[in-house]
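# Structural features, examined
Given next are the chains, with one letter for each unit.
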Amino acid sequence: MSDDKLRLETLAIHGGQSPEPVTGAVMVPVFQTSTYAQPQVGEHTGYEYSRSQNPTREALERAVACLEGGVEGIAFGSGSAATAAVQHLLSAGDRVVCGDDVYGGTWRQFTQVFARQGIDYTFVDFTRVSPVDAIPEGTALVWLESPTNPLLKVADIAALAARAHAVGALVVVDNTFATPIFQRPLALGADLVVHSTTKYINGHSDVVGGIVVAATAELGERLHFLQNSTGAVPGIWDCWLTLRGIKTLAVRMARHQDNALAIVPWLKSRPEVSRVFYPLDPDHPDHDTATRQMSGFGGMISVELATDLDGARAFCAATRVFTLAESLGGVESLIELPAAMTHASVPPDVRQEIGIADGLVRLSVGIEHHDDLIADLAQALDVAFGRAAG
Ligand SMILES: *Cc1c(COP(=O)(O)O)cnc(C)c1O
């Protein structure tokens, strides 16, 4: 049966997987080994050393590549390492155009690591600037996060990819928030997809990992070379846990979405809430683009409270079911304050310019019962707005 005829729910379980040939083990074993016996000098089984090849890691790489409809997956020790591997495709003097509210760590890596090595980064709001104005001639790479973090802006991937290709630039989409269940950037024209598998792909808040999926064998080969040469490979147990997490990706994403769709209208009805950001909400500024290029969205909601940083701090400290923590995409609900946590590395004037208010709270809605989540948010609003004792 050819994989491209299978639906995503089926691919999440079977994509790129087959029983282990020696024992028939249904789940790929943990090949916890650094090296492999060679039958003769100069002859090997296809496996020489685990930085270069490992069957458990390869099973994970095939699984994600299959879900994204790509040719090759190349796994890394974190999403940040996957992001860095893509920058290593570039040379000093190359120009990159990047979205202006990308993940704070991505912004830090570009401006404080690779900019020092001579790569030139420009940050633009792809949802407000036309593709032609955003991507000038001479651009080598376009880095898109869509939906963005934390404002959940949605860029038109197909339109940007068409312009990027017209000027000879590579297009990379960080698809961490949407996952291939709801958005498949390669089908929209992207050349590479990047994930922090730490988030929805693994989904259980117990692994840090990353992956790049390439649309062509040529890019895949180059990234495998970089994976082996720079060595930021994931541990084998982490690969195995992530592969196990992927089995439930489709059902988890559906439940995250159902919960978010219950919580968003409730939040919008509250006087303490000045704005709610969720791409499937008809009031979201990029709702049309979102519904055109995405088949759904998960559990990420950003909420601007009608209060200052201290009020938002009090709200985040008062939730009981939502855990105050960075990260997202796990089965448990998390809450965080971008201005003081995930986006603290972005300078205050830049934060203000791109719209990350001090009262902006980011929710990663888990797969608990939505009534319990709403009740928790309600009591935290009471605490933050001085109506109840903390
Ligand atoms: C978390 C995150 C990253 C970085 O991934 P790590 O696994 O934490 O290194 C990159 N992009 C997005 C959108 C993220 O949420």
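The rules behind each value
Residues numbered from 1 in each chain as written. Predicted model: local features only at pLDDT ≥ 70, side-chain atom pairs only at ≥ 80, totals over all residues. Heavy atoms only, no water. Near = heavy atom within 4 Å. Polar contact = N/O pair within 3.5 Å; in protein donor to acceptor, adjacent residues only side chain to side chain. Areas by Shrake-Rupley, 256 points an atom, 1.4 Å probe, with all protein chains shown as cover. Core = buried A, V, L, I, M, F, W, Y, C linked by side-chain atoms within 4.5 Å. Buried < 20%, exposed > 50% of the residue type's maximum accessible area, 1.4 Å probe, protein only. Helix = DSSP H or I, 4+ residues; strand = E, 2+ residues; numbered from the N terminus. Domains from an automatic or database assignment. Contact = heavy atoms within 4.5 Å. Buried area = accessible area lost by both parts, 1.4 Å probe. Salt bridge = Lys/Arg side-chain N within 4 Å of Asp/Glu carboxyl O. Nonpolar A, V, L, I, M, F, W, Y, C, P; charged D, E, K, R; others polar. Phe/Tyr/Trp six-rings, centres within 6.5 Å; stacked < 30°, edge-to-face > 60°. Pairing = 2+ DSSP bridges. Axes fitted to C-alpha atoms, helices over the stretch in contact; angles between N-to-C directions. Arc of directions from axis to C-beta.

Turning to the site of the ligand, a few remarks are in order. Among the 13 residues in the neighbourhood of the ligand, the closest are listed as Ser80, Asp174, Ser196, Thr198 and Lys199. Residue Ser80 places a side-chain N or O atom 2.7 Å away from an oxygen atom belonging to the ligand. Here the ligand has 380 Å² of accessible area as a free molecule, and 93% of this is covered by the chains.

What tends to happen in soluble globular proteins is that the nonpolar side chains get buried as a cluster. In this structure, Phe126, Leu144, Leu267, Ile301, Phe315, Val361 and Leu363 are the most contacted members of the largest nonpolar core, which totals 88 residues. The biggest single contributor to this core is helix 10 (residues 249-268), with eight residues. Residue contributions to this core reach at least three from each of two domains, namely domain 1 (3-246) and domain 2 (250-384). Here Leu267 is in contact with Val273, Val276, Ile301, Val303, Leu363 and Leu377, once residues within four sequence places are set aside. Formed by 27 residues, the second largest nonpolar core is a distinct cluster that contains Cys98, Trp143, Val212 and Ala214.

This paragraph deals with the domain arrangement of the protein. Each domain of the protein was delimited in the assignment, giving domain 1 (3-246) and domain 2 (250-384). With centres defined by C-alpha atoms, the gap from domain 1 to domain 2 works out at 26 Å. Counting the surface lost from both domain 1 and domain 2, the interface buries some 3200 Å², and carbon and sulfur atoms represent 61% of this. By the criterion of area lost to domain 2, the three top residues of domain 1 are Leu151, Phe182 and Tyr200, representing 26% of everything that side buries. Applying the counting rule to domain 1 against domain 2 returns two salt bridges. One salt bridge in this structure joins Asp286 and Arg128, with 3.4 Å as the shortest N-O distance. In this assembly, domain 1 and domain 2 are joined by 17 residue pairs in polar contact (both at pLDDT 80 or more). Going through the elements one at a time, helix 4 (104-114), helix 6 (157-166), helix 7 (179-182) and helix 9 (236-246) are the ones with two or more residues in the side of domain 1 that touches domain 2. Its residues assigned to classes, the side of domain 1 that touches domain 2 shows 19 nonpolar, twelve polar and eight charged.

What follows covers the packing of aromatic side chains. Following the criterion strictly, the structure yields six aromatic pairs and no others. Ring plane angle 75 degrees and centroid distance 5.7 Å describe the contact between Trp237 and Trp240, whose orientation is recorded as edge-to-face. Of this pair, Trp237 and Trp240 both sit in helix 9, three residues apart, which is roughly one turn of that helix. On the basis of relative accessibility, which here comes to 17%, the residue Trp240 falls in the buried class. Between Tyr278 and Phe297, the ring centres sit 5.5 Å apart and the planes meet at 55 degrees, which makes this aromatic pair tilted. Placement of the pair is Tyr278 in the loop between strand 8 (273-277) and helix 11 (287-293) and Phe297 in the loop between helix 11 and strand 9 (300-305), with a sequence separation of 19 residues. An identical accessibility class is assigned to Tyr278 and Phe297; each is buried. An aromatic cluster of at least three residues, connected via ring pairs, comprises Phe110, Tyr121 and Trp143.

On the basis of which strands lie adjacent, the open sheet formed by five strands has the order 8-9-12-11-10 and mixed pairing. Both outer strands of the open sheet, strand 8 and strand 10 (323-324), are each paired with one neighbouring strand and no more. Seen against the sheet, helix 10 touches strand 8, strand 9 and strand 12 (360-364) and runs at an angle of roughly 10 degrees to strand 9.

Let's shift gears to the environment of Leu377. Relative to the elements of secondary structure, Leu377 occurs in helix 14 (residues 370-384). Each C-alpha atom, one on Leu377 and one on Thr319, is 6.4 Å from the other, the two residues being 58 residues apart in sequence. Once residues lying within four places of it in the same chain are set aside, the contact partners of Leu377 are Ile263, Trp266, Leu267, Phe315, Thr319, Phe322 and Leu363.

Taken together, seven strands build an open sheet; the order of strands is 1-7-6-5-4-2-3 and the sheet is mixed. Among the strands making up the open sheet, the edge pair consists of strand 1 (72-76) and strand 3 (120-124). Strand after strand, the sheet turns through a mean of 20 degrees between neighbouring axes, direction not considered. Bridge analysis of strand 2 (residues 95-99) against strand 3 gives five bridges, and the strand direction is parallel. In the sheet register, Cys98 faces strand 3, and the bridge partner there is Phe123.

Next up on the list: helix 6. The periodicity of an α-helix, 3.6 residues per turn, causes residues three or four places apart in sequence to face the same way. If you check which residues of helix 6 are buried, you get Ile157, Leu160, Ala161, Arg163 and Ala164. For helix 6, the arc enclosing every buried residue in end-on projection is 165 degrees, short of the 170-degree limit, so these residues lie on one face. Residues of helix 6 that are exposed and point more than 90 degrees away from the buried face comprise Ala162 and Ala166. One or two residues past the end of helix 6 sits Gly168, with phi positive at roughly 80 degrees.

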